[in-house]
Amino acid sequence: MTRVCLVGSEGVDLRGELVSRETAREALSTYSLAEEYRNSLSVETISLGSAVALLNDLNWYLVRFTDDALVLEPSVSETEWLSRDLAEAVRDGAIDPDETGEYLKVYGLTEDRELVEPMYLSRRDGEIPAYDLRDVADTVVVRVTESEFSG
């Protein structure tokens, strides 16, 4: 199963905003909604293609109410999320899944499961440099495209 995680913007009740709007509610109606991280909404989809399609269906709301849209595709990585742009590029065949691990956006994860201050890092010799923006309980790794990384 491919998971989608929408990370709400600060001060926004993401679940409330999405389920209160008819089009978003309809797009999400076939999914079981969960909260992966604080102020996030996550769902399981059947494939990378359906994950990208769901994000496209929700685009109007994503622009207004989220800071990030993440996709966890087990055929690419069991533990590292893909950015929306990277997920779309992999789905379209523009980027080979095996070539997705160099450019990273690493979030700190607090004790209360809040994603904080992303740090852009490049994997070196197969290792991810340490997250050092603040003390956190853990980190969440998101693979990004080269253009997201540099720009």
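Everything discussed here concerns the structure shown above.
Residues numbered from 1 in each chain as written. Predicted model: local features only at pLDDT ≥ 70, side-chain atom pairs only at ≥ 80, totals over all residues. Heavy atoms only, no water.

Participant: Sorry, what's going on with helix H3 (residues 48–57) here?
Facilitator: Three or four residues apart is the spacing at which side chains of an α-helix point the same way, because the helix has 3.6 residues per turn. Buried within H3 we find Leu48, Ser50, Ala51, Val52, Leu54 and Leu55. Looking at the buried residues of H3, the elements they touch are strand S1 (2–8), helix H2 (22–28), strand S2 (40–45), helix H4 (59–65), strand S3 (66–72) and helix H5 (84–92). (Buried < 20%, exposed > 50% of the residue type's maximum accessible area, 1.4 Å probe, protein only. Helix = DSSP H or I, 4+ residues; strand = E, 2+ residues; numbered from the N terminus. Contact = heavy atoms within 4.5 Å.)

Participant: Where do I start with the pairing of strand S7 (residues 138–143) in this structure?
Facilitator: A regular strand places its side chains so that they alternate between the two faces of the sheet. Pairing between strand S4 (residues 81–83) and S7: 2 bridges, direction parallel. Each residue of the ladder has a partner; that of leucine 82, found in S7, is arginine 143. With 6 bridges joining them, strand S5 (residues 103–109) and S7 adopt antiparallel strand pairing. Bridge pairing in S7 links leucine 109 to aspartate 138. (Pairing = 2+ DSSP bridges.)

Participant: What is the right way to look at the pattern of salt bridges in this model?
Facilitator: It is possible for side chains bearing opposite charge to pair when their charged atoms get close. Inspection of every chain in the model, using the stated rule, returns 9 salt bridges. Between lysine 105 and aspartate 68 there is a salt bridge, with the nearest N and O atoms lying 2.8 Å from each other. Of this pair, lysine 105 sits in strand S5 while aspartate 68 sits in strand S3, and the two are 37 residues apart along the sequence. Each member of the pair, lysine 105 as well as aspartate 68, is classed as buried. A salt bridge links glutamate 80 to arginine 123; the shortest N-O distance between them is 2.7 Å. Of this pair, glutamate 80 sits in the loop between S3 and S4 while arginine 123 sits in the loop between strand S6 (115–122) and S7, and the two are 43 residues apart along the sequence. (Salt bridge = Lys/Arg side-chain N within 4 Å of Asp/Glu carboxyl O.)

Participant: Even after reading the chapter, I still don't get the side chain of arginine 84, so can you show me in this structure?
Facilitator: With respect to the helices and strands, the residue arginine 84 is situated in helix H5. Look at arginine 84: it is buried, it has no salt bridge, and the nearest opposite charge is glutamate 88 at 4.9 Å. Within the structure, the side chain of arginine 84 is placed 3.4 Å from the backbone oxygen of leucine 55, a separation counted as a polar contact. Those residues in contact with arginine 84, other than ones at most four positions away along the chain, are Leu55, Asn56, Asn59, Leu62 and Ala69. (Lys, Arg positive; Asp, Glu negative; His and termini not counted. Polar contact = N/O pair within 3.5 Å; in protein donor to acceptor, adjacent residues only side chain to side chain.)

Participant: Please explain the packing of aromatic side chains as it appears in this structure.
Facilitator: Enumeration over the complete set of coordinates arrives at 4 aromatic pairs. Taken together, the ring pairs connect Tyr103, Tyr120 and Phe149 into an aromatic cluster. (Phe/Tyr/Trp six-rings, centres within 6.5 Å; stacked < 30°, edge-to-face > 60°.)

Participant: What should I look at first to understand the side chain of threonine 2 in this one?
Facilitator: With respect to the helices, strands and loops of the structure, threonine 2 is situated in strand S1. On the accessibility criterion, threonine 2 (2% relative accessible area) is buried. A polar contact of 2.4 Å, which involves the side chain of threonine 2, links it to the side chain of glutamate 73.

Participant: Could you clarify how one ought to interpret unusual backbone geometry in this entry?
Facilitator: Comment: phi is negative for the bulk of residues other than glycine, and the bulk of peptide bonds are trans. Even without being glycine, arginine 113 reaches a positive phi, approximately 65°. You can see arginine 113 is positioned in the loop between S5 and S6. For aspartate 125, which is not glycine, the phi dihedral falls at a positive 50°. With respect to the element layout, aspartate 125 can be found in the loop between S6 and S7. Exposure remark for aspartate 125: the relative accessible area of 81% places this residue in the exposed category.

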